[in-house]
Amino acid sequence: MNDRAPAPGGLALIQALVNTLDLESGADALDSAEGRAPFGLAPGAEVAAARELREALRVACLAHAGHGPHAPAPPLGQLLAAAPLLVTVSAEDGSAGLAPAEPSSLTSRVAAAIAEAVTAGTWARLKACEAGDCHWAYYDRSPAGRSRWCDMGVCGSRAKMRAYRARKSPRGGP
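Structure report, in brief. None of these values were measured; they are calculated from a predicted model. (Residues numbered from 1 in each chain as written. Predicted model: local features only at pLDDT ≥ 70, side-chain atom pairs only at ≥ 80, totals over all residues. Heavy atoms only, no water.)

At their nearest, the axes of helix α1 (residues 11–18) and helix α5 (residues 106–120) sit 8 Å apart, and the two run at 125° to each other. Here α5 runs oblique to α1, going by the angle between their axes. For the pair α1 and α5, the sense of crossing is left-handed. For the pair α1 and α5, contact is made by Leu11, Leu13, Ile14 and Leu17 and by Leu106, Arg109, Val110, Ala113, Ile114 and Ala117, respectively. Tallied by class, residues from the contact of α1 with α5 come to nine nonpolar, no polar and one charged. (Axes fitted to C-alpha atoms, helices over the stretch in contact; angles between N-to-C directions. Helix = DSSP H or I, 4+ residues; strand = E, 2+ residues; numbered from the N terminus. Parallel < 35°, antiparallel > 145°, perpendicular 65-115°, else oblique. Left-handed = near helix turned anticlockwise from the far one by under 90°. Contact = heavy atoms within 4.5 Å. Nonpolar A, V, L, I, M, F, W, Y, C, P; charged D, E, K, R; others polar.)

Structure, rendered in structure tokens:
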């Protein structure tokens, strides 16, 4: 939907999952085999669980941008509680990390990606667009971390034009 670079590391998985639903058109990539393939999802219960996870992640991304939930969604922490992580330690250099206990589980991979991002200090920079008909996930690379839209040329321009029209309207509205 926009030309921003993908989020770094494991956040790219989360960004891709959140962006499988186009709120404006209602198109859901998880409805097709091609859309499910990047996440290793089989049709049925796995897709339903992925949709629940997607919307809980969208709520977290909206919160990172300072916005409330767009719709009711299960608490993300509750969904991630079912995704155990393993501590791994490298024999070569002793470095430690977290890995999904079930690598085939999307929820476990998301939990590992969030843990990695929290450690790296990047989790809060994964945000959802302010536009109510968009809420596309994007990684905020701005120096101050205050981006508001997934794409300034589309969502940002629309918001600014609406604000301009509201100011110029004799009634103060559209």
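A grouping of Val87, Val89 and Leu98 is seen on the molecular surface, where their side chains present a nonpolar patch of about 290 Å² in accessible area. Locating valine 87 in the fold gives a position in strand β1 (residues 85–89). (Patch = residues over 30% accessible without salt bridge, like charges linked within 9 Å, V, L, I, M, F, W, Y side chains within 5 Å. Areas by Shrake-Rupley, 256 points an atom, 1.4 Å probe, with all protein chains shown as cover. Salt bridge = Lys/Arg side-chain N within 4 Å of Asp/Glu carboxyl O.)

Attention shifts here to the pattern of salt bridges. If the charged atoms of two oppositely charged side chains come close together, the side chains can form a pair. By the definition in use, this model includes six salt bridges. Of the charged contacts, one joins arginine 51 and aspartate 28 as a salt bridge, the two residues approaching to 2.7 Å between their closest N and O atoms. In this pair, arginine 51 is assigned in helix α3 (residues 45–64) and aspartate 28 in the loop between α1 and α2 (33–36), connecting sequence segments 23 residues apart. Classification of arginine 51 as partly exposed rests on a relative accessible area of 27%. Residue aspartate 28 is classed as buried on the basis of its relative accessible area, which comes to 13%. A network of salt bridges, in which partner residues are shared, links Asp28, Asp31, Arg51, Arg54, Glu55 and Arg58. (Buried < 20%, exposed > 50% of the residue type's maximum accessible area, 1.4 Å probe, protein only.)

Quick look at unusual backbone geometry now. One non-glycine residue with positive phi stands out, namely histidine 135, at about 50°. Along the chain, histidine 135 falls in the loop between β3 (126–128) and β4 (137–139).

With 20 residues, α3 should reach 28 Å at 1.5 Å per residue; the first-to-last C-alpha distance of 29 Å fits that figure. Taken together, the buried positions of α3 are occupied by Val47, Ala50, Leu53, Arg54, Glu55, Ala56, Leu57, Arg58, Ala60, Cys61 and Leu62. Buried residues along α3 sit against α1, α2, α4 (76–80), α5 and β3. (Expected span 1.5 Å × (residues − 1).)

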